[in-house]
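Understanding the architecture of this molecule
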Amino acid sequence: MDIKRKLKHGSYSVVITVVFVAIAILLNVVFNMLFGNFNLRFDLTERGLYSIEADTAEYLAALDDTINIYFCSTEERFTGLGIEFSQTHEIAKRFAEANRSFTVAFTDRLTNPAFAAKFGGNLTDTNIVIESEKTGRFRVLRESEYIIYEFFANGERIPESQAYEMYMMQWGQFVDVDVSAGAEQAFLSAIMFVADLEPVRVAFTQGFGESNYSAMYNILHNNGYVVEEINMLTAPELDPEIDFLVIFAPIYDYSADARARVSSWLDNEGMYGKNLLYFPAPEMPETPSLDALTAEWGLVTEYGHIRQSNPNFAFDAEGYMQFLTITGDEFTDEGVLEAPLVGTFIRPVTPSFESVHSIVTSVLAETLPGTITVFDPENYTVNDAFVSAIAMSRKTRYEGLTEFSSRVIVFGSPTFFFAETLMTPQFSNAQFLLNIFNDISGRSDIASQVRVIPKSFNATMFDITAGQANTIAIFFVIIIPLLIIAAGLVVFFRRRYK
């Protein structure tokens, strides 16, 4: 009897062991199927390096288009370049998961010359091509667009060129580098551009000593606008398909011919629908031709600078860099009232009338109390009222109840959209700029609402939050041991009393 009893209990133990092993194998198979077929993944990095924003996923899911994401290398070569490149590949896969019409592929440019020729012929291993099958447009992303390097010295941000010089002079130990993941932002921007069925074209003028508009150019480019440049000295006429023209602080006055071309483009054969953004140069060169152009639209730029005497509204002792306030309801729908608008060396922009015939003017931004308009060191005006710094003129025609308008917007300073102001989240300048373009162009869909901030790679090799760490600890340290103890007790008592 003892032998039979031992065999019985021994067999029972074997059965229990086999059952537990079978359950473990079954669970492993089930979880593998879930992860493989349903793309279940968990991003444990605190900054969500391997995830995309909910707004991004929503925008992608709504796209009725086939988007191809091509890496111009082999997977081994690309991901082997470092964690930043592996993360970029993971973000591409998250985009494909958000919309099953998207494809992600590695197409080696070296072994596929036809592929390289299709997309420009000058591809590198780190290029990524975003292509829309519906529109046929594509954009080639460079490494600097999806991996963002920022350089700092003594806590101050410095340009890459200065960092390079410091390295060359053996001062590299004084340079700190922050590497951020810009893949989501770069992919999203490219998709917004290639998938747009009615792309909005923005042209920056050249030829008359315009200031550096790269920061403004880049923010529009990154938000899906088709941005280009046009030389006003050589272009016989302005393309009527251009939607916005930007004249960014020229130091030389326009010729009569160039001015006539801009006027003709704004009129658009009486159909209107064009928009001019003009930034007079803060150096205040004599520009009678450009002054006459804006005066026709009821906007006058004065030859002086606005100085803020109230230290509460100024950034420096002289008061030339200052806060401004947005006026009226124009272009305020998305966050510009939540942070100050700032500018420096601002020239007054004054509407000469409110409404004449089909032209209506309005003030978009004005100074705060305490301003002085300085014309020269011995000639200034203490302003009792607020001073207009940004003003708009609109000429409108109607087809039934539908409006068709051309607009001229004059900004008292180009510094409103310099890199220092556009890249500072405490200021509303970037949002104000996007509101102007989004509202006028009618881009009020979800694409204009998506905002992505690059995520730093620094100290994020495996970064989990305290909440995630606690959950993992509870699961592995408490729940699993308790389940094992419970299973052991069940087996013990069943064996003990049989």
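Residues numbered from 1 in each chain as written. Predicted model: local features only at pLDDT ≥ 70, side-chain atom pairs only at ≥ 80, totals over all residues. Heavy atoms only, no water.

**Topic: the packing of aromatic side chains**
Formally: Whether two aromatic rings pair depends on their centres lying within 6.5 Å, for rings of Phe, Tyr and Trp, where Trp uses its six-membered ring; planes under 30 degrees apart make the pair stacked, over 60 edge-to-face, and the rest tilted. Think of it this way: any DSSP run of H or I at least four residues long counts as a helix, any run of E at least two long counts as a strand, and we number them from the N terminus. Exposure classes here rest on a 1.4 Å probe applied to the protein chains alone. A residue is buried below 20% of its type maximum, exposed above 50%, and partly exposed in between. By the criterion adopted, a ring carries a charge over it if an Arg CZ or a Lys NZ lies within 6 Å of its centre and within 35 degrees of its normal.
Evaluation of the coordinates by the stated rule reveals 25 aromatic pairs. Aromatic side chains Phe248 and Phe418 sit 6.2 Å apart centroid to centroid with 45 degrees between the ring planes, which places their arrangement in the tilted category. Here Phe248, found in strand E10 (residues 244-248), pairs with Phe418, found in the loop between strand E22 (402-411) and helix H12 (419-422); they are 170 residues apart in sequence, far enough to count as distant. Residue classification places Phe248 among the buried residues on the basis of a relative accessible area of 0%. Put simply, the rings of Phe204, Tyr213, Tyr217, Phe248, Phe279, Phe411, Phe417 and Phe418 touch in pairs and so form one group of aromatic residues. Here the basic side chain of Lys395 rests over the ring of Trp297, its NZ or CZ set 4.7 Å away from the ring centre. Across from the ring centre of Phe404, 4.3 Å away, lies the NZ or CZ of Arg397, which sits over that ring.

**What about helix H11 (residues 288-295)?**
Where we set the bar: This arc corresponds to the set of directions leading from the helix axis out to the C-beta atoms. Pairs of residues are marked as contacts when any of their non-hydrogen atoms sit within 4.5 Å.
What H11 keeps buried is the set Ser289, Leu290, Leu293 and Thr294. Here the buried residues of H11 occupy an arc of 130 degrees about the axis, which is enough to place them on one side. Those residues of H11 hidden inside the fold are in contact with E10, helix H10 (256-267), strand E11 (275-279), strand E12 (299-301) and E22.

**As for the pairing of strand E21 (residues 388-399)**
Walk down a regular strand and you will see the side chains alternate between the two sheet faces. Let me state the cut-off plainly: Strand pairing requires that DSSP identify at least two bridges connecting the strands.
Burial runs high along E21: 9 of the 12 residues are buried. Relative to E21, strand E18 (residues 359-367) is paired through 7 bridges, and the arrangement is antiparallel. Counted as the bridge partner of Thr361 is Ser393 from E21. In this antiparallel pair of consecutive strands, E21 and E22, the connection spans 2 residues, and Gly400 shows a positive phi of 70 degrees.

**Re the pattern of salt bridges**
Basically, it comes down to this: Here, a salt bridge means any side-chain nitrogen of Lys or Arg that lies within 4 Å of a carboxyl oxygen of Asp or Glu.
A complete count under the given rule lists 15 salt bridges for this structure. Of the charged contacts, one joins Arg77 and Asp125 as a salt bridge, the two residues approaching to 3.1 Å between their closest N and O atoms. Of the two residues, Arg77 sits in helix H3 (residues 75-79) while Asp125 sits in the loop between helix H5 (113-118) and strand E3 (128-132), which places them 48 residues apart along the sequence. According to the relative accessible area criterion, Arg77 is partly exposed, its value standing at 31%. For Asp125, a relative accessible area of 21% corresponds to the partly exposed category. The partner of Asp239 in a salt bridge is Arg201, and the shortest N-O contact between them spans 3.0 Å. Remark: Arg201 occurs in strand E8 (residues 201-206) and Asp239 occurs in the loop between strand E9 (226-231) and E10; sequence separation between them is 38 residues. Members of the salt-bridge network, linked through shared partners, are Arg77, Asp108, Arg109 and Asp125.

**What to know about the sheet that holds strand E19 (residues 371-376)**
Basically, it comes down to this: Every angle, taken between N-to-C directions, lies between 0 and 180 degrees, and every axis is a line fitted to C-alpha atoms, over only the stretch in contact when it is a helix.
Sheet architecture is open: 3 strands sit in the order E13-E19-E20, paired in antiparallel fashion. Edge positions in the open sheet fall to strand E13 (305-308) and strand E20 (379-382), since each of these has one partner strand only. The average undirected angle you get between the axes of adjacent strands in this sheet is 30 degrees. Taken together, the 4 bridges between E19 and E20 define a ladder with antiparallel strand orientation. Within E20, the position partnered with Val374 by the bridge is Tyr380.

**What about the side chain of Glu210?**
Inclusion rule: None of His or the chain ends enter the tally, which takes Lys and Arg as positive and Asp and Glu as negative. Polar contacts here mean pairs of N or O atoms no more than 3.5 Å apart (in protein, one a potential hydrogen donor and the other a potential acceptor; neighbouring residues in sequence count only if both atoms are side-chain atoms).
With respect to the element layout, Glu210 can be found in the loop between E8 and helix H9 (214-222). For the buried residue Glu210, which engages in no salt bridge, the nearest side chain bearing the opposite charge is Arg261, 11 Å off. A distance of 3.2 Å separates a polar atom in the side chain of Glu210 from the backbone nitrogen of Gly207. Among the polar contacts listed, one links the side chain of Glu210 to the backbone nitrogen of Phe208, at a separation of 3.1 Å. When neighbours within four sequence positions are excluded, Glu210 is seen to be in contact with Thr205, Phe248, Ala249, Pro250 and Tyr254.

**Some remarks on the packing of H10 against H11**
Let me state the cut-off plainly: Roughly parallel means an angle under 35 degrees; roughly antiparallel, over 145; roughly perpendicular, 65 to 115; everything else is oblique. Here a crossing is taken to be left-handed if its near helix is turned anticlockwise relative to the far helix by less than a right angle, and right-handed if that turn runs clockwise. Amino acid classes used here: Ala, Val, Leu, Ile, Met, Phe, Trp, Tyr, Cys and Pro are nonpolar; Asp, Glu, Lys and Arg are charged; the rest, including Gly, are polar.
Remark: H10 packs on H11, axes separated minimally by 10 Å, with the N-to-C direction vectors making an angle of 20 degrees. Regarding the angle of H10 to H11, the classification is roughly parallel. Read as a crossing pair, H10 and H11 show a hand that is right-handed. Contact residues: Arg259, Val262 and Ser263 in H10; Ser289, Ala292 and Leu293 in H11. Split into classes, the residues belonging to the contact of H10 with H11 amount to 3 nonpolar, 2 polar and 1 charged.

**Some words on unusual backbone geometry**
Residue Gln170 is not a glycine yet carries a positive backbone phi of 65 degrees. Mapped onto the secondary structure, Gln170 falls in the loop between helix H7 (160-168) and strand E7 (175-181). For Phe345, which is not glycine, the phi dihedral falls at a positive 45 degrees. Structurally, the position occupied by Phe345 is in the loop between strand E15 (341-344) and strand E16 (349-351).

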